Each structure stands twice: as C-alpha cells, then as structure tokens.
Amino acid sequence: MSIEVRPVRDGDFFAWLDVYAEYARFYETELTDQKALVLWSWLTDPEHEEDGYIAVDGDRIVGLAHVREFARPLEGDRGLFLDDLFVVEEERGKGVGSALIQKARALAEERGLGVVQWITAQDNATAQKLYDALASRTSWVTYEIDLASAPVEAGRA
C-alpha cells in the first residue's frame, strides 16, 4: 500500500462522496444530496475556509480529512481544526489515518499556525488509540446548542 494525501479535485466528487457517505453512516447522520453538494462546493472553492484532502491508494480514495483555520484569541494566533477524519473500514490500521493527521500537521506548520485540534466521539476507542499516539488529549469539554431543535427560553441564561 502506497498512500498519497492530496487536495480534492473536481474529478474526485463521486469517489469522495462514497467515502463521505460511509463517514455519515459511521456517525449515524443523514447525508442528503444537498448537504453533500454544499460541502463539495466549499471544498472546491479556493475562497472558502474549508479545505478537503483525500488519502489515495492507487486510484482509490481510502480516507478523507476536512480542515479549516480558526482564531485563537488568548494565544494571539490561529490554529487548524480537523473537522472530519475518516478511513474506510478495510483500510484501518494501515497508516491512512496517521497520514491524514500528518498532512494536517504539515499544513499547520507551513501556514505558521499554533495548533492542530479535533474532536471525536467519546466511544470511538479505536480512533482514540491512534490520536493518543499522535497528539495530546485535552481537558476541554465540548458543548453545543442545536439551533434547529433547541427552543429559546426567555429570561434564562
């Protein structure tokens, strides 16, 4: 296996979509055509903040990573956030995930950024073994407000 990690290109759409759909199924998330097309338009727009990378073995996409820069006010610099990281099931344990993370690290270093960060599901123990070998686990707890389903409560803070 010889893995090349490179930016997505226009001709990658359908192969990328197959892998991204597997990613959505892994996290039990509905991936509509509209969501996929919006993301693809971001990944192929040089002016958009989201960048897409794929791990390729020959002519087959075996993994993907989507990244974007973010501001770090207390540090006075910027970082790189790894939004999505996925390796097709039959290729796990073969260095694909590591190659994608190393690509993110190299991008951050090239851009003079201060950190690469990402989150994963609490029960994703297999991925966490890799992450623990490549990065430091933080003490931060993540919260979110789902604006589509969380009603606003007047007077509550």
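This write-up is about the structure you can find in this document. (Residues numbered from 1 in each chain as written. Predicted model: local features only at pLDDT ≥ 70, side-chain atom pairs only at ≥ 80, totals over all residues. Heavy atoms only, no water.)

1. Considerations on helix α4 (residues 125-134)
Now for step 1: If you check which residues of α4 are buried, you get Ala127, Gln128 and Tyr131. For α4, the angular spread of buried residues about the axis comes to 100°, placing them on one side. Structural note: α4 exposes Thr126, Lys129 and Ala133 on the side pointing more than 90 degrees away from its buried face.
Now for step 2: Buried-residue contacts for α4 involve β4 (77-87) and α3 (96-110). (Buried < 20%, exposed > 50% of the residue type's maximum accessible area, 1.4 Å probe, protein only. Helix = DSSP H or I, 4+ residues; strand = E, 2+ residues; numbered from the N terminus. Arc of directions from axis to C-beta. Contact = heavy atoms within 4.5 Å.)

2. Observations regarding the side chain of Asp12
Now for step 1: Relative to the helices and strands, Asp12 resides in the loop between β1 (3-7) and α1 (13-26).
Now for step 2: A polar contact is formed between the side chain of Asp12 and the side chain of Arg6, at a distance of 2.8 Å.
Now for step 3: When sequence neighbours within four positions are dropped, the list of residues in contact with Asp12 reads Arg6, Pro7, Trp40, Ile54 and Ile61. (Polar contact = N/O pair within 3.5 Å; in protein donor to acceptor, adjacent residues only side chain to side chain.)

3. Digging into the nonpolar core
Now for step 1: Counting residues in hydrophobic clusters, the biggest one holds 35 residues, and the most contacted among them are Trp16 and Leu100.
Now for step 2: Elements with a minimum of two residues in this core: α1, α2 (33-43), β2 (51-57), β3 (60-72), β4, α3 and α4.
Now for step 3: In terms of residues, this core owes the most to one element, α3, which gives six residues.
Now for step 4: In contact with Leu100, not counting residues within four places along its chain, are Val5, Tyr53, Ile54, Ala55, Gly63, Leu64, Ala65, Leu85, Phe86 and Val87. (Core = buried A, V, L, I, M, F, W, Y, C linked by side-chain atoms within 4.5 Å.)

4. Some thoughts on α3
Now for step 1: For α3, which comprises 15 residues, the first-to-last C-alpha distance of 21 Å matches the rise-based estimate of 21 Å (1.5 Å per residue) to within 8%.
Now for step 2: Inspection of α3 places Val96, Gly97, Leu100, Ile101, Ala104, Leu107 and Ala108 among the buried residues, and these make up the whole buried set. Axial view of α3: buried residues confined to an arc of 140°, hence all on one face. Turned more than 90 degrees off the buried face of α3, the exposed positions are Glu109 and Glu110.
Now for step 3: Considering only its buried residues, α3 is in contact with β1, β2, β3, β4, β5 (116-117) and α4. (Expected span 1.5 Å × (residues − 1).)

5. Details of the sheet that holds β1
Now for step 1: Strands sit in the order β1-β2-β3-β4-β5 across an open sheet of five strands; the sheet is mixed. The open sheet has two edge strands with one neighbour each: β1 and β5.
Now for step 2: Inspection of the sheet shows β3 paired to β4 by 10 bridges, in the antiparallel sense. Residue Gly63 lies in a different strand from β4, and its bridge partner there is Val87. (Pairing = 2+ DSSP bridges.)

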